[in-house]
Amino acid sequence: MQRSTWAAVAVLMVASTAAQSQGTASDPAAERQAFIDKMRALDWVKGPTTVEVEGNSKLVIPDQYVFLDARNTTKFLELQHNLGDGREVMVAPSNMEWMAYLEFSAEGYVKDNEKIDATALLKTLQENTESSNEQRKSRGWSELHLVDWATPPVYNTTTKRLEWATILDSKEGGRAVNFSTKILGRRGYTSVIMVTDPVNLQTAESSLDNVLTGYAFNSGETYADWRSGDKVAKYGLAALIVGGVAAVAAKKGLFSVLAGFLAAAWKFIMVGVVAAVAWLRKLFAKKQA
């Protein structure tokens, strides 16, 4: 969705999605206000500050950025018609041009010597994403479809970060990009999923990269701190892209596990957030004052 269109239809989309889920007509202004009230009720943490996050790590929240803990992130995800597992935390710029969700998985040390077949992985992700749509439909939400790579998978041996980006399509909100990062550590990895407007991808990637320079595992918990005898994951880099332990379960015939993972993994920006951005800016400006 182009940025001009995104802002123009924001109020209408908030009203229409609420009406569809309830099966009734609604007042756009009232729906917008209800959305803003729910946003206001969240416990926003404003930068600059440093927060402790799961996985024996810390994240520096810069000035002009905001943070939600796991409990508040779960509520925020529901407002966005996204599934979560109650463990993700969120960081975003105060203008909400993008949002990033972080979650640690204690699956053990992931060996990084595996080659990645981007074409085969894309096909697998597309097939499994279609299966995961059953969970979305059961909630009355529109389906998500994986269109293509926005950026094929790349692994940085220096930063120990595996990164890729996918293009998602939804009737409810148009197209969005999910930029994914896996940061490898001694006892597992931290998943970072950033969702943004495709038009904004390059700027958002750069902005997120700056934020992630303020993320670090605590001393003794980095990838280089691994010692013989530590737990080692049963999969490599490719499986991290298609679901980690869920992908392993799928190989054993438990495809519902992978479908459930993907239903929760993909994130989408509902235009209702854009409708509330003006209010958010006022809120954070007041806190700064």
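The following paragraphs examine the structure supplied in this document. (Residues numbered from 1 in each chain as written. Predicted model: local features only at pLDDT ≥ 70, side-chain atom pairs only at ≥ 80, totals over all residues. Heavy atoms only, no water.)

What to know about the side chain of Glu103
Topologically, Glu103 is positioned in strand S6 (residues 98-105). Using a relative accessible area of 13% as the deciding quantity, one classes Glu103 as buried. Among the polar contacts listed, one links the side chain of Glu103 to the side chain of Arg87, at a separation of 3.0 Å. Discounting chain neighbours no more than four positions away, the residues touching Glu103 are Asp85, Arg87, Glu88, Tyr189, Thr190 and Ser191. (Helix = DSSP H or I, 4+ residues; strand = E, 2+ residues; numbered from the N terminus. Buried < 20%, exposed > 50% of the residue type's maximum accessible area, 1.4 Å probe, protein only. Polar contact = N/O pair within 3.5 Å; in protein donor to acceptor, adjacent residues only side chain to side chain. Contact = heavy atoms within 4.5 Å.)

Topic: helix H5 (residues 118-138)
If you check H5, its first and last C-alpha atoms are 31 Å apart, about what 21 residues at 1.5 Å a residue would give, namely 30 Å. Every buried residue of H5 is listed here: Leu121, Leu122, Leu125, Asn128, Thr129, Ser132, Asn133 and Arg136. The backbone nitrogen of Thr119 has a side-chain oxygen 3.3 Å away, supplied by the residue at the start of H5, namely Asp117. A positive backbone phi angle near 80 degrees is found at Gly140, which sits one or two residues after H5. (Expected span 1.5 Å × (residues − 1).)

Remarks on helix H4 (residues 70-79)
If you check which residues of H4 are buried, you get Asn72, Thr73, Phe76, Leu77 and Leu79. The arc enclosing the buried residues of H4, seen along the axis, measures out at 155 degrees, which places them on a common side. Directly after H4, the chain includes His81, whose backbone phi takes a positive value near 60 degrees. (Arc of directions from axis to C-beta.)

Some remarks on the sheet that holds strand S2 (residues 49-53)
Sheet architecture is open: three strands sit in the order S2-S3-S11, paired in antiparallel fashion. Bordering the open sheet on either side are S2 and strand S11 (215-217), each of which pairs with just one other strand. Mean inter-strand twist for the sheet, computed between neighbouring axes without regard to direction, equals 20 degrees. Bridge count for S2 against strand S3 (residues 57-61) is five bridges, and the pairing is antiparallel. Within S3, the residue paired with Val51 across the bridge is Leu59. (Pairing = 2+ DSSP bridges. Axes fitted to C-alpha atoms, helices over the stretch in contact; angles between N-to-C directions.)

Concerning the nonpolar core
Core analysis: the biggest nonpolar cluster contains 26 residues, and Leu59, Trp98, Met194, Leu208 and Tyr215 have the highest contact counts within it. In terms of residue count, the dominant contributor to this core is helix H6 (residues 201-212) (five residues). Apart from residues lying up to four places away in sequence, Trp98 is in contact with Tyr65, Val91, Ala92, Pro93, Met194, Val195, Thr196, Asn200, Ala204, Ser207, Leu208 and Val211. Of all hydrophobic cores here, the second largest spans 22 residues; its members include Leu125, Trp164, Tyr223 and Ala233. (Core = buried A, V, L, I, M, F, W, Y, C linked by side-chain atoms within 4.5 Å.)

Examining unusual backbone geometry
With an omega of 5 degrees, the peptide bond between Gly47 and Pro48 qualifies as cis. Residue position: Pro48 is located in the loop between strand S1 (45-46) and S2. Residues other than glycine seldom take positive phi values, yet Met96 does so here, at roughly 60 degrees.

Some words on the pattern of salt bridges
Counting across every chain of the model gives eleven salt bridges. Here Lys46 ties to Asp63 by a salt bridge, and the two come within 3.7 Å at their closest N and O atoms. Residue Lys46 is located in strand S1, and its partner Asp63 is located in the loop between S3 and strand S4 (65-68); the two are separated by 17 residues in the primary sequence. Looking at Lys46, the relative accessible area reads 17%, which means it is buried. Where salt bridges share partners, they join Glu54, Arg87 and Glu103 into one cluster. (Salt bridge = Lys/Arg side-chain N within 4 Å of Asp/Glu carboxyl O.)

Concerning the packing of aromatic side chains
The final tally for this structure, using the stated rule, is six aromatic pairs. Summarising the aromatic geometry, the rings of Trp44 and Phe76 are spaced 6.1 Å apart at their centres and angled 80 degrees between planes, so their arrangement reads as edge-to-face. Of the two residues, Trp44 is situated in the loop between helix H3 (28-40) and S1 and Phe76 in helix H4; the sequence distance between them amounts to 32 residues. In this structure, Trp44 and Phe76 share a single accessibility class: buried. Among the aromatic residues, those joined into a cluster by ring pairs are Phe104, Tyr215 and Phe217. (Phe/Tyr/Trp six-rings, centres within 6.5 Å; stacked < 30°, edge-to-face > 60°.)

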